[in-house]
Amino acid sequence: MTATYTVDVFSSLDGFGTTSGNWGGYWGKQGPELLEHRLALYGEEQRMVFGAGTYRVFARMLAASTEESEVRDAWVTRMRSLPATVVSNTLEGPLDWPDATIASGDAVDVVARLKKESELPLRSHGSLSLNRALMAAGLVDLVQVTLFPVITGQTGTEPIFQGAADFDLELIESRTLDGRVQELIYRPTLHV
């Protein structure tokens, strides 16, 4: 049996994953429904997959946060408790993440092996360049985009799909959270 691999990203309406502006976390648009939904989503047993850059950002961000900061939302704390694989040829252990292992080698080969061997579904939050390569290799089963109602034309950074191959997307599920945030789940197929 092959494990399902889900790419989970946050995005502004114009396709940016982060911002250099003063928006705050979640672009200031989070609400209780979004946070409860994220906690339920990460309450399911799954294995996280990160690239080295995303792992470093999360580890640094969580180390610098306090229990009261929005960085420590319950779903993020839960995500950190899940088993994780960090795909990297540069990192060395031990990692500052419970139950995390480093897998070196070509990311496509590593994730193809994980999909075959894992008894748990696989999920990656962030890791944009890693996931663009995995999509091009046909290893991504679902793309889950949480779309925040903002345009960050001046302050947007990290375009989510910049440089990605062309894909047709089949909408599998959608929902509105807190009356303003959209969650869209797609099945990608390489456009030929």
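Since the structure is predicted, the reported quantities are computational estimates derived from the model, not experimental observations.

Next up on the list: the overall build of the protein. For the protein, the helix and strand inventory stands at five helices and ten strands. For the protein, the spread of C-alpha atoms along the three principal axes comes to 45 × 40 × 30 Å. The buried share of the protein, reckoned over its 192 residues, is 45%. Total accessible area on the protein stands at roughly 9,700 Å², and carbon and sulfur atoms take up 52% of it. When the 16 positive and 25 negative side-chain charges of the protein are each reduced to one mean point, those points stand 2 Å apart.

This part is about the pattern of salt bridges. For the coordinates displayed, the defined rule picks out nine salt bridges. Within this structure, D8, R38 and R123 form a network of salt bridges that share partners.

So, about the side chain of S88. One can find S88 in the loop between β4 (84-87) and β5 (100-103). On the accessibility criterion, S88 (5% relative accessible area) is buried. Within the local environment of S88, its side chain forms a polar contact with the backbone nitrogen of L91, the two atoms lying 2.9 Å apart. Residues within four places of S88 in sequence aside, it is in contact with A52, I102, A103 and S104.

Between helix α1 (residues 32-43) and helix α3 (residues 74-81), the shortest axis-to-axis distance is 8 Å and the interhelical angle comes to 15°. It follows from the interaxial angle that α1 and α3 lie roughly parallel. Of the two possible hands of crossing, α1 and α3 adopt the one that is left-handed. Listed contacts from α3 to L35, R38, L39, Y42 and G43 of α1 are A74, W75, R78 and M79. For the contact of α1 with α3, the class distribution of residues is six nonpolar, one polar and two charged.

Cis geometry is adopted by the peptide bond preceding P94, which originates at G93 and carries an omega value of 0°. If you trace the backbone, P94 turns up in the loop between β4 and β5. We note that S127 has phi near 50°; this positive angle belongs to a residue other than glycine. Along the chain, S127 falls in the loop between β6 (122-125) and α5 (128-136). S127 gets classed as buried once you look at its relative accessible area, which sits at 4%. Residue E158 is not a glycine yet carries a positive backbone phi of 55°. Tracing the backbone through its elements, the reader meets E158 in strand β8 (residues 156-159). A relative accessible area of 46% means that E158 is categorised as partly exposed.

As for its position among the elements, E173 is in strand β9 (residues 167-177). Expressed as a C-alpha distance, the spacing of E173 and Q144, which sit 29 residues apart in the sequence, is 9.1 Å. If near-sequence neighbours (up to four positions away) are discounted, E173 is found in contact with E183, L184 and I185. Within polar-contact distance, the side chain of E173 engages the side chain of R175 at 2.7 Å.

You can see T146 is positioned in strand β7 (residues 142-148). For T146, a relative accessible area of 0% corresponds to the buried category.

What counts and what doesn't
Residues numbered from 1 in each chain as written. Predicted model: local features only at pLDDT ≥ 70, side-chain atom pairs only at ≥ 80, totals over all residues. Heavy atoms only, no water. Helix = DSSP H or I, 4+ residues; strand = E, 2+ residues; numbered from the N terminus. Buried < 20%, exposed > 50% of the residue type's maximum accessible area, 1.4 Å probe, protein only. Areas by Shrake-Rupley, 256 points an atom, 1.4 Å probe, with all protein chains shown as cover. Lys, Arg positive; Asp, Glu negative; His and termini not counted. Charge placed at Lys NZ, Arg CZ, Asp CG, Glu CD. Salt bridge = Lys/Arg side-chain N within 4 Å of Asp/Glu carboxyl O. Polar contact = N/O pair within 3.5 Å; in protein donor to acceptor, adjacent residues only side chain to side chain. Contact = heavy atoms within 4.5 Å. Axes fitted to C-alpha atoms, helices over the stretch in contact; angles between N-to-C directions. Parallel < 35°, antiparallel > 145°, perpendicular 65-115°, else oblique. Left-handed = near helix turned anticlockwise from the far one by under 90°. Nonpolar A, V, L, I, M, F, W, Y, C, P; charged D, E, K, R; others polar.

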